[in-house]
Amino acid sequence: MSIILDGAKIAGEIRQSVRDEAADFKNKKGIVPGLAVVLVGEDPASQVYVGRKAKACAEAGFLSREYRLPAATLEGELLRLIDDLNKDILIHGILVQLPLPAHISTHKIIAAIDPMKDVDGFHPYNVGGLVSGSPVFIPCTPRGIMELISRTGIELAGKEAVVVGRSNIVGKPIALLLLERHATVTICHSRTKNLPQVTARADVLVAAVGRPHMITGGMVKKGAVVIDVGVNRLESGKLAGDVAFEEVCAKASYITPVPGGVGPMTIAMLMRNTLDAALQMVS
Ligand code: NDP
């Protein structure tokens, strides 16, 4: 039977230590970390995420500013807002909630963010840093996953790590972070042949696909650490991960639940990155 990696509890501990450090920083330097979150359009899921980020900021004692712009906002208007936020000395982190409406170039917008304020870690400068092993900001979800893996005490050097999913926000960065820790990493995607044989090799298996319950017990090696990134809304309205939790539980040594695993870690790491951004500004 697996040990459940309680992301909600671990994230709570991280948020508490961020709050304490931020209070200390304010006392010593008079600086309050500031995060600006920009949302364009009315995507319901994005609205929920933005609300959660603002709440986490308030709890951490940060300055939080929300910019909720209409879906028809022009690319030029958004670029001007980013430029203003880049210059704003009260703002240390800028996050543009994705996805953006189709008429706006995501690449152009992300590239316009000052890399030193890019707390999502998506700017090409930070992506390059991740590839070369010296990132300024690590994207929040992969950073949260690495923290969860570190809590298992597993030594990653020489282990087989398999990542299912190759997105820029989860699959690729987590593969790079595992590689940096000397795991032997395989990245799988929709064209991978014999997926169950590949996943069954994994000492550490990360599922970031977006297909409910696709990782079944037969695809998992006994004793593997299984990290479920997927968030899927079932017809019943319930949330489900990419991993068939009950049957994989019988084989894995550690497993993350959905909800309450990777999700809360993402927000905790956003707070950590924002505090880091503020600290870096004075160092
Ligand atoms: P994307 O849709 O960008 O990427 C999905 C990846 O899965 C792609 O690389 C795709 O391959 C691959 N894939 C699709 N079908 C299969 C298949 N049958 N076999 C193997 N690989 C497959 O998703 P994201 O990375 O953005 O998100 C993945 C999941 O994680 C989603 O459920 C999302 O909601 C969740 N998520 C959760 C977060 C959290 O904080 N908990 C944060 C971010 C995401 P290909 O490239 O070939 O198309």
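Criteria and thresholds
Residues numbered from 1 in each chain as written. Predicted model: local features only at pLDDT ≥ 70, side-chain atom pairs only at ≥ 80, totals over all residues. Heavy atoms only, no water. Pairing = 2+ DSSP bridges. Helix = DSSP H or I, 4+ residues; strand = E, 2+ residues; numbered from the N terminus. Axes fitted to C-alpha atoms, helices over the stretch in contact; angles between N-to-C directions. Parallel < 35°, antiparallel > 145°, perpendicular 65-115°, else oblique. Left-handed = near helix turned anticlockwise from the far one by under 90°. Contact = heavy atoms within 4.5 Å. Near = heavy atom within 4 Å. Polar contact = N/O pair within 3.5 Å; in protein donor to acceptor, adjacent residues only side chain to side chain. Areas by Shrake-Rupley, 256 points an atom, 1.4 Å probe, with all protein chains shown as cover. Nonpolar A, V, L, I, M, F, W, Y, C, P; charged D, E, K, R; others polar. Buried < 20%, exposed > 50% of the residue type's maximum accessible area, 1.4 Å probe, protein only. Right-handed = clockwise from strand over helix to strand, strands pointing away. Core = buried A, V, L, I, M, F, W, Y, C linked by side-chain atoms within 4.5 Å.

Caption draft 1: Fine view of the sheet that holds strand S7 (residues 204-207). Sheet architecture is open: six strands sit in the order S1-S11-S8-S7-S5-S6, paired in parallel fashion. In this open sheet, the two edge strands, each paired with only one partner strand, are strand S1 (3-4) and strand S6 (184-188). Note that strand S5 (residues 160-164) and S6 share five bridges and pair parallel. Within S6, the position partnered with Val 163 by the bridge is Ile 187.

Caption draft 2: Here's a closer look at the packing of helix H2 (residues 44-60) against helix H10 (residues 262-282). One way to put it is that H2 packs onto H10 with a least axis distance of 10 Å and a crossing angle of 55°. Put simply, H2 runs oblique to H10. By crossing handedness, the relation of H2 to H10 is classed as right-handed. Touching Arg 52, Lys 53, Ala 56, Cys 57 and Ala 60 of H2 are Ile 267, Leu 270 and Met 271, all from H10.

Caption draft 3: Seen up close, the site of the ligand. Neighbouring the ligand are 22 residues; Arg 166, Ser 167, Ser 190, Val 231 and Thr 266 lie closest to it. One nitrogen or oxygen atom from the main chain of Val 231 is found 3.0 Å from an oxygen atom belonging to the ligand. In the complex, 69% of the free accessible area of the ligand, which totals 930 Å², lies under the protein chains. Counting residues per element, the shell around the ligand draws most heavily on H10, which supplies three residues. Its residues placed into classes, the shell around the ligand shows ten nonpolar, ten polar and two charged.

Caption draft 4: Structural detail: the pairing of strand S2 (residues 34-40). The element S2 is extensively covered by neighbouring structure, given that seven of its seven residues are classed as buried. Taking every second residue as pointing to the same face, both faces of S2 are buried, with Gly 34, Ala 36, Val 38 and Val 40 on one and Leu 35, Val 37 and Leu 39 on the other. The parallel pair S2 and strand S3 (residues 63-69), bridged by H2, forms a crossover whose chirality is right-handed. Where S2 meets strand S4 (residues 93-96), four bridges bridge the pair, whose relative direction is parallel. Paired with Leu 35 across the two strands is Gly 93, which belongs to S4.

Caption draft 5: Here's a closer look at unusual backbone geometry. Cis geometry is found at the peptide bond from Leu 98 to Pro 99, where omega equals 5°. For Pro 99, the location among the structural elements is in the loop between S4 and helix H4 (106-112). In this chain, Val 258 is followed by Pro 259 through a cis amide linkage whose omega measures -5°. Within the secondary structure layout, Pro 259 lies in the loop between strand S11 (254-255) and H10. Phi at Asn 194 takes a positive value of approximately 50°, unusual for a residue other than glycine. Mapped onto the elements of the fold, Asn 194 is located in the loop between S6 and helix H8 (195-199).

Caption draft 6: Seen up close, the environment of Gly 165. Mapped onto the fold, Gly 165 is located in the loop between S5 and helix H7 (171-180). Gly 165 sits ten residues away from Ala 175 along the chain, and the two C-alpha atoms are 9.7 Å apart. The residues contacting Gly 165, other than those within four sequence positions of it, are Gly 171, Ile 187, Cys 188, Ala 208 and Val 209.

Caption draft 7: Quick look at the nonpolar core. Within the largest apolar cluster, 48 residues are counted, with the highest numbers of intra-cluster contacts made by Ile 145, Leu 178, Val 206, Ile 227 and Met 271. In terms of residues, this core owes the most to one element, H10, which gives nine residues. Apart from residues lying up to four places away in sequence, Ile 145 is in contact with Val 170, Ile 174, Val 206, Ile 227, Val 229 and Val 262. Residues Val 220, Ala 224, Cys 249 and Ile 255 belong to the second largest nonpolar core, which totals 18 residues.

Caption draft 8: The packing of helix H1 (residues 7-29) against H10, seen in detail. At their nearest, the axes of H1 and H10 sit 8 Å apart, and the two run at 20° to each other. One way to sum up the angle between H1 and H10 is to call them roughly parallel. Along this stretch, H1 crosses H10, giving a crossing that reads as left-handed. Taking contact as the criterion, the partners of Gly 7, Ala 8, Ile 10, Ala 11, Ile 14, Arg 15, Val 18, Glu 21, Ala 22 and Phe 25 in H1 are, on H10, Pro 264, Met 265, Ala 268, Met 269, Met 271, Arg 272, Leu 275, Ala 278, Leu 279 and Val 282. In the contact of H1 with H10, the residues fall into 16 nonpolar, one polar and three charged.

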